[in-house]
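# Results of the structural survey
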Amino acid sequence: MKQVRPKKNLGQHFLTDLQVARRIADTVDAQPDLPVLEVGPGMGVLTQFLLAKERPLKVVEIDDESVSYLRRAYPTLEDGIVADDFLKMRLEHTFGGQPFVLTGNYPYNISSQIFFKMLDYRALIPCCTGMIQKEVADRLAAAPGSKAYGILTVLVQLYYDVEYLFTVEPGVFNPPPKVRSAVVRLRRNDRTAPDCDERLFKRVVKTTFNRRRKMLRGSIKPLLAELSHERTCIGDIESFLGEESMTKRPEQLSIADFIALTNRVETLFAKP
């Protein structure tokens, strides 16, 4: 059967090592009773091991050539092949509203976007596994104080516990990527909502990390300026920025610290 040509514009790097593919497939066993949605199956090297688990399975593929290949190679999966852009899909009814496990050898050019979409559908995705660039995996699993700790870390770890499972070398792909890869597993924690305004939390996290080399008193200023209004005394802001905690940098803050900071910002601007 004619092989699919990897397309650079789609970030395609086809996995060729069956042992690695089997190990990735086995990561979904953390939730053995749920159906599985695979993103970016390509020529189905991971798909074949997911099918062997005899669980409801759907695969989402944007590449027409790959879709045609999958239909020929895996005829039993015909009804489960979705020719679409995962980032544009609505996932509410993927499995009739039932929660599912998300997995895949994710296209490297959209891996971060996939995790942000996962967050939007976190009520339906109790477990997410898959292979991504090692750099992104390091960011997902980072702890406070690490250089890898950033926006993606905080927003994902707010709702998911992250496991860095194993590293994958470039030589097991066609074409070999210029970076190392890693396999991760994310499982929903018990938090249903942060103990603060969630929209403001995201703004605090993004604003401070966008100026991550500055202390908080400097990195949070753009947000405070944006939130300022007539009822806020400039003295309140100066006092707020003068507090000792404002000498920290954003990568030093835990998720609990960001929640506390968000509540303090909200309180500051809620004064009558």
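Residues numbered from 1 in each chain as written. Predicted model: local features only at pLDDT ≥ 70, side-chain atom pairs only at ≥ 80, totals over all residues. Heavy atoms only, no water.

Per the secondary structure count, the protein includes 11 helices and nine strands. Each principal axis of the C-alpha distribution contributes one length, and for the protein these read about 70 × 40 × 30 Å. Residue burial in the protein is summarised as follows: out of 272 residues, 49% are buried. A separation threshold of at least 6 residues defines the contact pool for the protein, and within that pool the share at least 24 residues apart is 70%. Carbon together with sulfur atoms contributes 48% to the accessible area of the protein, which is approximately 13,400 Å² in total. (Helix = DSSP H or I, 4+ residues; strand = E, 2+ residues; numbered from the N terminus. Buried < 20%, exposed > 50% of the residue type's maximum accessible area, 1.4 Å probe, protein only. Contact = heavy atoms within 4.5 Å. Areas by Shrake-Rupley, 256 points an atom, 1.4 Å probe, with all protein chains shown as cover.)

Among the residues of helix α3 (residues 64-73), those classed as buried are Ser66, Val67, Tyr69 and Leu70. The arc enclosing the buried residues of α3, seen along the axis, measures out at 165°, which places them on a common side. Tucked inside the fold, the buried residues of α3 contact β1 (14-15), β3 (57-61) and β4 (81-83). (Arc of directions from axis to C-beta.)

Counted by the stated rule, this structure contains 15 salt bridges. The shortest N-O distance in the salt bridge between Glu198 and Arg122 comes to 3.5 Å. Here the residue Glu198 occupies a position in helix α7 (residues 198-209), and Arg122 occupies one in the loop between α4 (111-120) and β6 (127-133), the gap between them amounting to 76 residues. Sharing partners across several salt bridges, the network here consists of Asp26, Asp29, Lys53 and Arg55. (Salt bridge = Lys/Arg side-chain N within 4 Å of Asp/Glu carboxyl O.)

A separate point is the packing of aromatic side chains. Given two aromatic rings, one states the distance between the centres and the angle between the planes to describe the pair. Taken as a whole and assessed by the stated rule, the structure comprises five aromatic pairs. Between Tyr106 and Phe115, the aromatic rings sit 6.0 Å apart at their centres with planes inclined by 75°, giving edge-to-face as the arrangement. Looking at Tyr106, the relative accessible area reads 1%, which means it is buried. Its relative accessible area of 0% is what places Phe115 among the buried residues. Clustering of aromatic rings is evident, with ring pairs tying together Tyr149, Phe209 and Phe258. We note Arg23 situated over the ring of Phe166; from NZ or CZ to the ring centre the distance is 3.7 Å. When the ring centre of Phe95 is taken as reference, the NZ or CZ atom of Lys58 above it lies at 5.4 Å. (Phe/Tyr/Trp six-rings, centres within 6.5 Å; stacked < 30°, edge-to-face > 60°. Lys NZ or Arg CZ within 6 Å of the ring centre and 35° of its normal.)

Glancing now at the sheet that holds β4. Pairing in this open sheet of seven strands is mixed, and the strands run β4-β3-β2-β5-β6-β9-β7 from one edge to the other. Whereas interior strands pair on both sides, the edge strands pair on one side only; in this sheet they are β4 and β7 (160-168). Strand-to-strand twist across the sheet, computed as the mean angle between neighbouring axes with direction ignored, equals 20°. Strand direction decides the pairing type here: strand β2 (residues 36-39) and β3, joined by four bridges, are parallel. Following the sheet pairing, Leu37 is matched in β3 by Lys58. With respect to the sheet, α4 is in contact with β2, β5 (101-104), β6, β7 and β9 (181-188), its orientation differing from that of β6 by roughly 165°. (Pairing = 2+ DSSP bridges. Axes fitted to C-alpha atoms, helices over the stretch in contact; angles between N-to-C directions.)

Within the fold, Glu38 resides in strand β2. For Glu38, which is buried and forms no salt bridge, the nearest opposite charge comes from Lys53, at a distance of 12 Å. When sequence neighbours within four positions are dropped, the list of residues in contact with Glu38 reads Leu46, Thr47, Leu50, Lys58, Val59, Val60, Thr103 and Gly104. (Lys, Arg positive; Asp, Glu negative; His and termini not counted.)

Let's shift gears to unusual backbone geometry. Leaving glycine out, the prevailing phi sign among residues is negative, and the prevailing peptide bond configuration is trans. The amide bond that connects Asn174 to the next residue, Pro175, takes the cis arrangement and shows omega of -10°. Position of Pro175 relative to the elements: it lies in the loop between β8 (173-174) and β9.

Structurally, Thr207 can be placed in helix α7. Excluding anything up to four places from it in sequence, Thr207 contacts Ser219, Ile220, Pro222 and Leu223.

Bringing the nonpolar core into the picture now. Core analysis: the largest hydrophobic core is formed by 57 residues, its most contacted members being Leu102, Phe115 and Met118. If one sorts the elements of this core by residue count, helix α11 (residues 255-269) sits on top with seven residues. Apart from the residues lying within four places of it in its own chain, the contact partners of Met118 are Leu102, Ile125, Cys128, Val156, Tyr160 and Leu186. The next biggest cluster of nonpolar side chains, apart from the first, holds 28 residues, and it includes Val36, Phe166, Val168 and Phe173. (Core = buried A, V, L, I, M, F, W, Y, C linked by side-chain atoms within 4.5 Å.)

With that settled, the discussion passes to the pairing of β3. A large share of β3 lies buried, amounting to four of its five residues. Pairing analysis gives three bridges linking β3 to β4, with the strands arranged parallel. Within the sheet, the bridge partner assigned to Val60 lies in β4 and is Val82. For the crossover from β3 across α3 to β4, the handedness is right-handed. (Right-handed = clockwise from strand over helix to strand, strands pointing away.)

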